[in-house]
Amino acid sequence: MLEETRANSSPWLGRDVVSVLDFSREELEQLFSVAEEMKKSLERGAVPRLLVGRVVALAFFEPSTRTRLSFETAAKRLGAETIGFTGEEAISVAKGENLADTVRMLDGYADAIVIRHRYEGAALYAAEIASHPVINAGDGKQHHPTQAMLDLFTVRELFGQIDGLVYGVLGDLRYGRAASSFILGLTRFRPRRLYLVSPPLLRAREEVLEKLREAGIDYAETESLEEVLGELDVLYVTRIQRERFPDPSEYEKVRGSYRVTRRLLEEHAKPELRVMHPLPRVDEISFDVDDTRYAAYFQQARNGVPVRMALLSLVLGARG
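Computed from a predicted structure; not experimentally measured.

The N-to-C vectors of helix α7 (residues 177-186) and helix α8 (residues 206-214) enclose an angle of 15°; their axes lie 9 Å apart at closest approach. One finds that α7 runs roughly parallel with respect to α8. Considering how the two elements wind past one another, α7 and α8 form a crossing that is left-handed. Two secondary-structure elements touch here, α7 through S180, I183 and L184 and α8 through V208, K211 and L212. Considering only residue class, the contact of α7 with α8 consists of 4 nonpolar, 1 polar and 1 charged.

Right, dumping it as structure tokens:
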């Protein structure tokens, strides 16, 4: 009966959002169109209260600022209530409660569950248990689908298209889930070329490269940003995350590997280049880039609210 209902309605209705690969290009473009409408409604100050009476659970087992607050803002802008927590110390997990029981409890309280967890596969596991939609707000080292969605939406907004551009993804491509999800998201489109720029220790994992090959994406791995910077339309920068490294000595070998500065961009980048970053940054982008034409990361961060508004409204059936 559920499958029949979905077949006769939006393909987003009741969907779990575990990986960006779960969605087709057409479905992502539908999301972007709704996000565009949401952004216009925010600018007009006339946001449709589509989710009045709904409850969204924010289950953040890891600390978060932008992702948690943008989901909370998105839900509240649409009229929904939110419940939830940030960090295991605030809930019964600290007392020994397992993930399954926590998910079942939230499933009984809310119409959708947004989950962030340090373990790979936690969102998929939650989706298998819950009867309501589960949205992955980042788990493990590979999947952060809603970040990829807002990143791709930002590229579309900046250039009017996602296809045909030259991309560079810089930094931690092994442990950084935002970078991995962005790379995976590009497989749903047709980039002209993709450069993966990282130290050897932080190269993209084989399963990510395999998805690029399957999609026929023209990509190259390199350690040198300067060699490719002049070709790029989009430079997606990520921080090297100490907390993701299984061995602290590995982190010490690669910390501070790259620093994007105003001088570097003015000497090597074309004027049309836009620099993106999922934030927070440490020292990989210098502050003197912030007021240049290259900086797109604050626009990118702001887009988290309209994109997540669109996502919640589609998954909860408030939009067709």
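With that out of the way, let us pick up the environment of R54. Mapped onto the elements of the fold, R54 is located in the loop between α2 (25-44) and β1 (55-60). A relative accessible area of 29% means that R54 is categorised as partly exposed. Along the sequence, R54 and L78 sit 24 residues apart, while their C-alpha atoms lie 9.5 Å from each other.

So, on to helix α4 (residues 99-109). Residue pairs spaced three or four apart in an α-helix point in one direction, given the helix's 3.6 residues per turn. Along α4, the positions that sit buried rather than exposed are L99, A100, T102, V103, L106 and D107. Seen end-on, α4 carries its buried residues on one side only, within an arc spanning 160°. Structural note: α4 exposes R104, G108 and Y109 on the side pointing more than 90 degrees away from its buried face. Buried residues along α4 sit against β1, β2 (81-86), β3 (112-117) and α5 (122-129). The opening residue of α4 is N98, an N-cap whose side-chain oxygen sits 3.2 Å from the backbone nitrogen of A100.

Basis of the calculations
Residues numbered from 1 in each chain as written. Predicted model: local features only at pLDDT ≥ 70, side-chain atom pairs only at ≥ 80, totals over all residues. Heavy atoms only, no water. Axes fitted to C-alpha atoms, helices over the stretch in contact; angles between N-to-C directions. Helix = DSSP H or I, 4+ residues; strand = E, 2+ residues; numbered from the N terminus. Parallel < 35°, antiparallel > 145°, perpendicular 65-115°, else oblique. Left-handed = near helix turned anticlockwise from the far one by under 90°. Contact = heavy atoms within 4.5 Å. Nonpolar A, V, L, I, M, F, W, Y, C, P; charged D, E, K, R; others polar. Buried < 20%, exposed > 50% of the residue type's maximum accessible area, 1.4 Å probe, protein only. Arc of directions from axis to C-beta. Polar contact = N/O pair within 3.5 Å; in protein donor to acceptor, adjacent residues only side chain to side chain.

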